[in-house]
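# Descriptive analysis of the structure
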Amino acid sequence: MAGKIAEESPPQPEEITDREDLFYRWVPHDFTKRDGRRIRAGAFGTEADVEEGVSFDWNRYSTPERTLGRSQRPDIRAGVVMTSAGKIWDNELTVRHAPELNNQAHSLVKGTSETRVRKTLASICSWALPLPPKAND
Amino acid sequence: MTVSKLETVDQDEQESAIGEKRFLAERHPTIEDLVEALADKQVVATWLVRFYTAIHELNRRLLRQEAMLRRVSPVRIQEDDLEQLESMIRESRSILQLKDDFDGMGSTHYTEEVWQRAARFVRLQWGEHFRVFGEPMPLPEIEPGPRGSIDIYWETPDFDLLVNIPSDPQKEAEFSGDRNGKRKFDGTLDTSLPNRGLVSWLAR
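This is a predicted model, so every value here is computed, not measured.

All right, on to the pairing of strand β1 (residues 141-144) of chain B then. Of the pairings in the sheet, the one linking β1 of chain B to strand β2 (residues 150-155) of chain B comprises four bridges and is antiparallel in character. Counted as the bridge partner of Glu143 of chain B is Asp151 of chain B from β2 of chain B.

Further remarks concern the packing of helix α5 (residues 79-91) of chain B against helix α6 (residues 112-133) of chain B. Residue and element names in this part refer to chain B. Axis separation between α5 and α6 bottoms out at 11 Å; the angle between their running directions is 160°. In terms of orientation, α5 lies roughly antiparallel with respect to α6. Helix-helix and strand crossings are classified by hand; for α5 and α6 the assignment is right-handed. Across the interface between the two elements, Asp81, Leu82, Leu85, Glu86, Met88 and Ile89 from α5 touch Trp115, Ala119, Val122, Arg123 and Trp126 from α6. Among the residues making up the contact of α5 with α6, the classes are represented as eight nonpolar, no polar and three charged.

Here we take up unusual backbone geometry. Residue and element names in this part refer to chain B. Its identity is not glycine, yet Asp101 carries a phi of approximately 60°, on the positive side. With respect to the helices, strands and loops of the structure, Asp101 is situated in the loop between α5 and α6. Looking at Asp101, the relative accessible area reads 25%, which means it is partly exposed. The phi angle at Arg147 is positive, at roughly 55°, despite the residue not being glycine. When you line up the elements, Arg147 lands in the loop between β1 and β2.

On to the nonpolar core, then. Of all hydrophobic cores here, the largest spans 57 residues; its most connected members are Phe44 and Leu121 of chain A together with Ile152, Trp154 and Val163 of chain B. Ranked by the residues each element gives to this core, the list is headed by α6 of chain B, at eight residues. Ignoring anything within four residues of it in the chain, the contact list for Ile152 of chain B reads Ala118, Phe121, Val122, Pro140, Glu141, Ile142, Leu161, Leu162, Val163 and Ile165 of chain B.

Right, let's talk about the pattern of salt bridges for a bit. Following the criterion strictly, the structure yields 26 salt bridges over all chains and no others. For Glu141 of chain B, the salt bridge is made with Lys33 of chain A, and the minimal N-O distance between the two is 3.2 Å. Taken as a pair, Glu141 of chain B in strand β1 and Lys33 of chain A in strand β2 (residues 32-33) lie in two separate chains rather than in one. Owing to a relative accessible area of 6%, Lys33 of chain A belongs among the buried residues under this scheme. In this structure, a network of salt bridges that share partners links the residues Arg116 and Lys119 of chain A together with Asp160, Asp178, Lys184 and Asp186 of chain B.

We now examine the packing of aromatic side chains. All told, the structure shown has ten aromatic pairs over all chains when counted by the stated rule. A centroid spacing of 6.2 Å and a plane angle of 10° characterise the contact between Phe44 of chain A and Phe56 of chain A, whose relative ring orientation is stacked. Note that Phe44 of chain A is positioned in the loop between β3 (38-39) and α2 (49-52) and Phe56 of chain A in strand β4 (residues 54-58), a separation of twelve residues in sequence. For the pair Phe44 of chain A and Phe56 of chain A, one class covers both residues: buried. Taken together, a centroid distance of 5.8 Å and an interplanar angle of 50° make the contact between Phe102 of chain B and Tyr110 of chain B tilted.

Okay, helix α5 (residues 114-124) of chain A next. Burial runs high along α5 of chain A: nine of the eleven residues are buried. When α5 of chain A is considered as a whole, its buried residues turn out to be Thr115, Arg116, Val117, Arg118, Lys119, Thr120, Leu121, Ala122 and Ile124 of chain A.

What follows is about the sheet that holds strand β6 (residues 94-97) of chain A. All names here are of chain A. Here six strands make up an open sheet; going across it, the order is β6-β7-β4-β1-β5-β8 and the pairing antiparallel. Each edge of the open sheet carries a strand with a single partner, namely β6 and β8 (126-129). The average undirected angle you get between the axes of adjacent strands in this sheet is 40°. Of the pairings in the sheet, the one linking strand β5 (residues 78-84) to β8 comprises three bridges and is antiparallel in character. Looking at β8, one finds that Val80 is bridged to Leu129.

Chain B puts 29 residues into the contact, and the matching count from chain A is 24 residues. Counting the surface lost from both chain B and chain A, the interface buries some 2,300 Å², and carbon and sulfur atoms represent 49% of this. The tally of links between chain B and chain A comes to twelve salt bridges. Here Arg116 of chain A ties to Asp186 of chain B by a salt bridge, and the two come within 2.9 Å at their closest N and O atoms. There are 17 residue pairs in polar contact (both at pLDDT 80 or more) connecting chain B and chain A. Within the residue set of the side of chain B that touches chain A, elements represented by two or more residues are β1, β2, β3 (159-165), β4 (173-179) and β5 (183-189) of chain B. Here the side of chain B that touches chain A takes five residues from β4 of chain B, the largest share from any one element.

Cut-offs and rules
Residues numbered from 1 in each chain as written. Chains lettered and ligands numbered in written order. Predicted model: local features only at pLDDT ≥ 70, side-chain atom pairs only at ≥ 80, totals over all residues. Heavy atoms only, no water. Pairing = 2+ DSSP bridges. Helix = DSSP H or I, 4+ residues; strand = E, 2+ residues; numbered from the N terminus. Axes fitted to C-alpha atoms, helices over the stretch in contact; angles between N-to-C directions. Parallel < 35°, antiparallel > 145°, perpendicular 65-115°, else oblique. Left-handed = near helix turned anticlockwise from the far one by under 90°. Contact = heavy atoms within 4.5 Å. Nonpolar A, V, L, I, M, F, W, Y, C, P; charged D, E, K, R; others polar. Buried < 20%, exposed > 50% of the residue type's maximum accessible area, 1.4 Å probe, protein only. Core = buried A, V, L, I, M, F, W, Y, C linked by side-chain atoms within 4.5 Å. Salt bridge = Lys/Arg side-chain N within 4 Å of Asp/Glu carboxyl O. Phe/Tyr/Trp six-rings, centres within 6.5 Å; stacked < 30°, edge-to-face > 60°. Buried area = accessible area lost by both parts, 1.4 Å probe. Polar contact = N/O pair within 3.5 Å; in protein donor to acceptor, adjacent residues only side chain to side chain.

Written out as structure tokens, the structure is:
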């Protein structure tokens, strides 16, 4: 029984200390503009993001491909954006590891207000895996 | 009386000397007069106070003149400017085509009501900017925001500003802005009113 409980507990959070560490997030095309070259601030604020912070995957436990593969909707045209711990800290945001049972890479980015966090993330994230071309391209 | 003599005379004579230098400063002095007078901090301070008082008064008069001119000959809104604003608003209507869970992350669709509120907010600020500054404000982008809300985003080489129009009409809009990456600007505002602070911030 004790063994079963231990199996169901999420992994322990680890400290993020390296400025070069990267964080990935899945972004659907409706939250991009200028033919997918730019990311809209709306990309960083789903239902799940509100309370705790904006979800990202830490590159210690993920890759852009794995983050893309975690999507529940592979039919949606989407890419993966990335930013670094250094950029997050330099812009007065914080990031902490918040592992989940099914995603050890899960991390949360927070800031002083929701618009401040979203606007900043839109400006410091770049494509790790750009949007695939449109079906009719 | 010269500056060197000032060092040895009594209080009355000092005050008299200061008065003399003030008088010197008030007429049209030569370079030598100025150099001598600038050695006295009191004279310099007097000049600065008078300078700032004069600038303040000049500014006050200019504002009065501008207000009077605006009343006498109000600046006409150009058709082209208005058309650019309305065209941007019309294009943003495409947001309403997004269905529930369009992003695969559970986002809800955007209602006509929240889009109308966003459009009205932009028109209000545009009108206020024109009224105060006599020219159109930089146009924002109206974008899909999180959880059925709409983002209004201004971006120029000098500043960016994000205003979020919430899906709940009872809630205030939250905003965050940066000017040249240095001056930060955060808070909430009532979307049903023109916001003088916001349009002043957007002014070129």
